[in-house]
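Chain by chain, the residues run as shown.
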Amino acid sequence: MSLSKVKHIVLVLSGKGGVGKSSVTTQLALSLTLKGHSVGVLDVDLTGPSIPRMFGIEDAKVTQAPGGWLPVTVHEADASAGLGPLRIMSLGFLLPRRGDAVVWRGPKKTAMVRQFLTDVFWDELDYLLIDTPPGTSDEHISLAETLLQKARPGQVAGAVVVTTPQAVATADVRKELNFCAKTGIRVLGVVENMSGFVCPNCSECTNIFMSGGGEVMARDFNVRFLGRVPIDPQFLVLIETGKTPRYPKGTVVDGQDFSSADGAPAEGGESRDSALLVHKYKSCSLAPIFATITADVIADIERRQQMPSRKG
Ligand code: ADP
């Protein structure tokens, strides 16, 4: 069974689309490998799989092996750099035209999700991150049911719930937290994405929207608040053009100075840097924020693992 070599499964959920669920999945995956863990990402967002684009591997081909698919390698392990390997499987790889959203009806979606969980040949993985569709749709319910049936007790570590300062005001994210409670999936914590703005011109990180709502909501639901992630246009430049993030002089995010030597931000146009995404990401102002979030999630999972046997 494809999940048998996976130690921990983490779901990434959001109440609605566009809040940065795939970006958070991507950055959790990169941060985990930077801490030396072996990581897989399974993209079951059939409504618009964006994981291949995030990792810049849209043209990759998955290999069909007897009884399943082999995931695509984003980077191999590099013991000398303390880097773990990263592999991806996305429905996006199987679509005839990239960017096509899947319009299958419920039963076909359910079958696909099931197949995704059981028919991908993952090697030994410390963490499998599952990027789910937004909301609490058919796919979620099917995914939760299948996971709980197929996984070993304790293998599903829980869910990271992504929201934005604006989305907190809506009922969507609360629905997501209630969904976790109903399906028995533990909430590892809430990330408030797009909370503030790292300005590419003035080196200030400003709160353009109200921020802090995610923390209040987490407290209301008695779940952990993992942190605030600002909008960083250089993260977009990295994803869209493959260029290493660069910041003006005096850019300090979360107490860390990110100014580049010549003080100029990277812009579109020139060719991409050939370095691995994971190494370029280390220059992004969001990297230390995700290093902290990831460390918190790992510590929580490991602490729980050491507790005398409990369900879930
Ligand atoms: P979702 O998976 O929730 O639909 P995405 O992760 O695809 O959302 O994010 C939507 C868009 O916003 C993407 O283009 C993504 O790169 C961008 N984005 C998300 N979070 C940030 C951030 N913190 N800083 C800059 N851009 C971001």
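Residues numbered from 1 in each chain as written. Predicted model: local features only at pLDDT ≥ 70, side-chain atom pairs only at ≥ 80, totals over all residues. Heavy atoms only, no water.

> Sorry if this is basic, but what is going on with the UniProt feature "binding site: ATP" (unreviewed entry) in the chain here?
The sites that UniProt annotates as "binding site: ATP" (unreviewed entry) are G15, K16, G17, G18, V19, G20, K21 and S22. The residue G15 is located in the loop between β1 (6-14) and α1 (21-34) in this model. Excluding residues within four positions of it along the chain, G15 makes contact with P134, G135, V162, D172, V173 and E176. Structurally, G20 can be placed in the loop between β1 and α1. Residue G20 is classed as buried on the basis of its relative accessible area of 11%. When sequence neighbours within four positions are dropped, the list of residues in contact with G20 reads V162, N193 and M194. (UniProt positions renumbered as here; feature names shortened; annotations may be inferred. Helix = DSSP H or I, 4+ residues; strand = E, 2+ residues; numbered from the N terminus. Contact = heavy atoms within 4.5 Å. Buried < 20%, exposed > 50% of the residue type's maximum accessible area, 1.4 Å probe, protein only.)

> Looking at this structure, I do not really get the pairing of strand β9 (residues 187-198). What am I missing?
Look at any regular strand and the pattern is simple: side chains alternate between the two faces of the sheet. In terms of burial, β9 is largely enclosed, as 10 of its 12 residues are buried. Pairing between strand β8 (residues 156-163) and β9: five bridges, direction parallel. Residue pairing across strands places V161 opposite V190, the latter belonging to β9. With five bridges joining them, β9 and strand β11 (residues 225-231) adopt parallel strand pairing. Note on β11: the bridge partner recorded for V190 is F225. (Pairing = 2+ DSSP bridges.)

> How do you make sense of the site of the ligand when you look at a structure like this?
Neighbouring the ligand are 17 residues; G18, K21, S22, S23 and P230 lie closest to it. Between S23 and the ligand, the recorded distance is 2.6 Å, taken from a side-chain N or O atom to an oxygen atom. Contact distances for the ligand include 2.9 Å between a nitrogen atom and a backbone N or O atom of P230. Protein burial of the ligand: of its 560 Å² of free accessible surface, 84% is covered by the chains. (Near = heavy atom within 4 Å. Polar contact = N/O pair within 3.5 Å; in protein donor to acceptor, adjacent residues only side chain to side chain. Areas by Shrake-Rupley, 256 points an atom, 1.4 Å probe, with all protein chains shown as cover.)

> Sorry, what's going on with the pairing of strand β2 (residues 39-43) here?
Counting buried positions along β2 yields five of five residues, so the element is predominantly enclosed. Where burial is concerned, the two faces of β2 agree: the one with V39, V41 and D43 and the one with G40 and L42 are both buried. Looking at chain direction, β2 and strand β6 (residues 86-90) are connected through five bridges and run parallel. Among the inter-strand pairings, L42 is bridged to a residue of β6, identified as M89.

> What is the right way to look at the side chain of S195 in this model?
Relative to the elements of secondary structure, S195 occurs in strand β9. Classification of S195 by relative accessible area gives buried; the value is 5%.

> Explain helix α6 (residues 213-220) here, please?
Each α-helix turn comprises 3.6 residues. Residues three or four places apart therefore point the same way. Residues of α6 that are buried include every one of G214, M217 and A218, and no others. An end-on view of α6 places all buried positions within 100° of arc, on one side of the element. Seen from the buried face of α6, the exposed residues on the opposite side, beyond 90 degrees, are R219 and D220. In this structure, the buried residues of α6 make contact with α5 (172-183), β9 and β11. (Arc of directions from axis to C-beta.)

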